[in-house]
Amino acid sequence: MAKKAAANSELSGRRLGRVLTKMGKITRDQAQEALELQKSKRVPVGQLLVELGYCTHDDINIALAAQAGMRTIDLEDLDLKEEVVRMVPAEMANAYHIIPIAHDASTNKLTVALKSADNFRALDDLRLLMGFTVDAVVAPAGQIDHAIDRFYGEDDESLASLVADLAEDESMADFQEGDASIDLEDEMAMANDNRVVRLLNLVLLQAIKDKASDIHFEPFEDEFKMRYRIDGVLYEMIPPPRHLAGPIVSRVKVMSNLDIAERRLPQDGRIELVVGGKPVDLRVAVLPTMFGESVVMRVLDRGNVNLDLEKIGMRPDDLETFRQLIHKPNGIVIVTGPTGSGKTTTLYSALAELNEPTEKILTAEDPVEYDIDGLCQVQVNTEVGLTFAAALRSFLRQDPDVILVGETRDLETARIGVQASLTGHLVFTTLHTNDAPSSIARLLDLGLESFLITATIEGILAQRLVRKICPRCKEAYTPSEDELFMLNLTPEDLEGRQLFRGVGCDYCNQSGYKGRMGLFEIMMFDDEIRDLVMKQASTQLLRAEARKRGMRTLRQGGLMALYDGLTTIDEVVKETMIED
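Just so it is clear, the structure is predicted and the values come from calculations on it, not from any experiment. (Residues numbered from 1 in each chain as written. Predicted model: local features only at pLDDT ≥ 70, side-chain atom pairs only at ≥ 80, totals over all residues. Heavy atoms only, no water.)

*Asks:* Would you mind showing me how to read unusual backbone geometry here?
*Replies:* The phi torsion of most residues other than glycine is negative, and most of the peptide bonds are trans. Each neighbour pair has its own omega, and for Asp-366 with Pro-367 the value is -5 degrees, a cis peptide bond. In this model, Lys-211 sits at a positive phi of 60 degrees, which is unusual for a non-glycine residue. Checked against the element boundaries, Lys-211 lands in the loop between helix H13 (194-209) and strand S5 (214-219). Overall, Lys-211 belongs to the exposed group, its relative accessible area being 52%. A positive phi is found at Asn-509, a non-glycine position, where the angle reads about 55 degrees. Its location among the elements puts Asn-509 in the loop between strand S18 (499-502) and strand S19 (513-524). (Helix = DSSP H or I, 4+ residues; strand = E, 2+ residues; numbered from the N terminus. Buried < 20%, exposed > 50% of the residue type's maximum accessible area, 1.4 Å probe, protein only.)

Next up, the structure:
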């Protein structure tokens, strides 16, 4: 190993072709051929050498390691110890394609073998998730896969077994979160306990794998609950023992760089991970409650987000109408709906479509959920006076074409948004209202004058998310009269139509649903709607006029999704209002 380390230090920083030549894997002529080919193909030299059949992927990975000054090893020459390998849980080894090979207890340094030198994010995540000092070497991919299969192939460590193991630990049971006299060193030691670390990592990896949007840790008087929110619905997991509340919350705080000694005030933090090659952000919110600190982690899978208007689920006619709105030269476009209804995704998709080199786009958000190239994004910080209104006022001096204000919460923000639209800017913003017509009443309630509303607003989009029927356990059925009554339907309304439901399977965790889709309601402003707003007409009158002018309501959109066999009666009833 020492010889290889020395050899690699000599090759460090050299061009890949030169490294491979020095290693005897290719000739100079073959390296030159690949370089010439690269001028026309514009792909990495290593990929071209593999395509030409001059070397293997393993050769390239070992050469890249040498180029980066990293050691390379042959796992077949090592006697891997089970107790060392087991220091990293199976989920993590599989997610990051690594195998631990040595551990120094005095310095807590873990040496791991990687498949490629560019997997440095795995090292960062190991330091963050497991608390190790990490050293890395590179080994052939096949050897790492074989070692993972050998040590983890029949791995039976589950959440249930870890929870049971921790429940029996008497030293953990002595720790009570409410005990003000607890020593911070003891608390830190428990937060870094290998089993607590493994338990939390298991929870996080499972949540990301199941595409959960939120993870909840909730302390109560006699229990400590862990719950996931998947497709808008909370599911309870195996609850850990009550005395684990403190160590788990402390572990989360350590990972998100929060103050573990502060238990009286709310705290917000962030954890950045790369799981399975995908970047994942965890937004952490800690809240003191009667029985300890409650933690909610919002999972933002940046690798999974698809910011494309074509993919958010609008019907073709709604999509055409919304595209007309977002391509207006100026005015205000409002997206409305409750928290978690997909407003941010819709607005980001609209901005992604407008994101051209010719457009200057500024956003003020709380928080900035996704980083998008080409957009100037500002994180609102009320503690230092950077409110939506303050950011928006500064935006007007930045020569923008399009502005996004995360939320219109007060009259000042609304007035500056109006001013921006009147001076030739297109402004996107959100409100929290039940449907599109009721947004007018909300703006009037904030104190915005009706003539300013009519002069600036171009359209309002209301939206909801409903769960989609699982495609693997979907079955046709005949609804009962009670179910039809919830939607004001009669059996005659269903003539020639077939409704569906999910019976529950492993794919959908027995819920009958998999994924979500949007329901949309677009209220376009024309002269008649503007006249009604000027006269401060009621929301009912506005809704009736908008429907006459072709607005499809949320309930109508829900019925269409129902008839298309995409969702169920329960979902439509839950997310939409009865129409007058």
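On we go from here.
*Asks:* What's the story with the packing of aromatic side chains in this structure? I'm lost.
*Replies:* Centre distance and the angle of the planes are the two values used to describe a pair of aromatic rings. What the rule picks out here adds up to one aromatic pair. Ring centres of Phe-217 and Phe-224 lie 6.4 Å apart, and the angle between their planes is 20 degrees; on these two criteria the pair is classed as stacked. The same class applies to Phe-217 and to Phe-224, which are both buried. If you follow Arg-467 out to its NZ or CZ, it ends over the ring of Tyr-513, 3.9 Å from the centre. The ring of Tyr-507 carries Lys-514 above its face, with NZ or CZ at 4.9 Å from the centroid. (Phe/Tyr/Trp six-rings, centres within 6.5 Å; stacked < 30°, edge-to-face > 60°. Lys NZ or Arg CZ within 6 Å of the ring centre and 35° of its normal.)

*Asks:* Would you mind going over helix H16 (residues 343-354) with me for this structure?
*Replies:* An α-helical turn contains 3.6 residues, so a residue and the one three or four places further along point in the same direction. Here H16 contains twelve residues, and its C-alpha end-to-end distance of 17 Å stays within 8% of the 16 Å for a straight helix at 1.5 Å per residue. All of the buried residues along H16 are Lys-343, Thr-346, Leu-347, Tyr-348, Ser-349, Ala-350, Leu-351 and Leu-354. (Expected span 1.5 Å × (residues − 1).)

*Asks:* How should the sheet that holds strand S10 (residues 292-301) be read in this particular structure?
*Replies:* Backbone hydrogen bonds hold the strands of a sheet together, and the pairing may be parallel or antiparallel. Read from one edge to the other, the open sheet built from six strands follows the order S7-S6-S5-S10-S9-S8, with strand pairing classed as antiparallel. With one partner strand each, in any of the chains shown, strand S7 (233-236) and strand S8 (267-275) form the two edges of the open sheet. The mean inter-strand angle of the sheet, taken between neighbouring strand axes irrespective of direction, is 20 degrees. In terms of strand pairing, strand S9 (residues 278-289) meets S10 through ten bridges, oriented antiparallel. (Pairing = 2+ DSSP bridges. Axes fitted to C-alpha atoms, helices over the stretch in contact; angles between N-to-C directions.)

*Asks:* Which parts of the structure should I look at to understand the UniProt feature "domain: AAA+ ATPase" (unreviewed entry) in the chain?
*Replies:* On the UniProt side, "domain: AAA+ ATPase" (unreviewed entry) is annotated at positions that read residues 329-471 here. Along residues 329-471, the helical share is 34% and the strand share 27%, with 42 Å between the first and last C-alpha atoms. (UniProt positions renumbered as here; feature names shortened; annotations may be inferred.)

*Asks:* What is the right way to read the nonpolar core from this model?
*Replies:* Across soluble globular proteins, you tend to see nonpolar side chains buried next to one another. By size, the foremost hydrophobic cluster in this structure holds 72 residues, and its most contacted members are Leu-75, Ile-99, Tyr-152, Ile-215, Phe-217 and Met-297. With residues up to four places along the chain from it excluded, the contact list for Tyr-152 reads Val-85, Arg-86, Val-88, Pro-89, Ala-90, Ala-93, Ile-99 and Pro-100. Ranked by size, the runner-up nonpolar core spans 42 residues in total, among them Ala-364, Val-405, Ile-416 and Ile-453. (Core = buried A, V, L, I, M, F, W, Y, C linked by side-chain atoms within 4.5 Å. Contact = heavy atoms within 4.5 Å.)

*Asks:* Just checking my understanding: could you explain the sheet that holds strand S3 (residues 109-114) for this structure?
*Replies:* Ordered by their spatial adjacency, four strands build an open sheet running S1-S4-S3-S2, and the pairing between neighbours is mixed. In this open sheet, the two edge strands, each paired with only one partner strand, are strand S1 (71-72) and strand S2 (98-104). The strands touched by helix H9 (residues 141-152) within the sheet are S2 and S3, with S2 carrying the most contacts at an inclination of about 75 degrees.

*Asks:* Any chance you could explain the pattern of salt bridges here in plain terms?
*Replies:* A side chain with one charge may pair with a side chain of the opposite charge, provided their charged atoms come close. Following the criterion strictly, the structure yields 33 salt bridges and no others. Linking Lys-81 and Asp-79 is a salt bridge whose minimum nitrogen-to-oxygen distance equals 3.3 Å. The class of Asp-79 is exposed, set by a relative accessible area of 60%. Residue Arg-315 is joined to Asp-564 by a salt bridge in which the shortest nitrogen-to-oxygen separation is 2.6 Å. Highlighted residues: Arg-315 in the loop between S10 and helix H15 (316-326) and Asp-564 in the loop between helix H24 (554-563) and helix H25 (569-575), separated in sequence by 249 residues. A relative accessible area of 24% places Arg-315 in the partly exposed class. What makes Asp-564 partly exposed here is its relative accessible area of 44%. One network of salt bridges, in which partners are shared, links Asp-526, Glu-528, Glu-545, Lys-548 and Arg-549. (Salt bridge = Lys/Arg side-chain N within 4 Å of Asp/Glu carboxyl O.)

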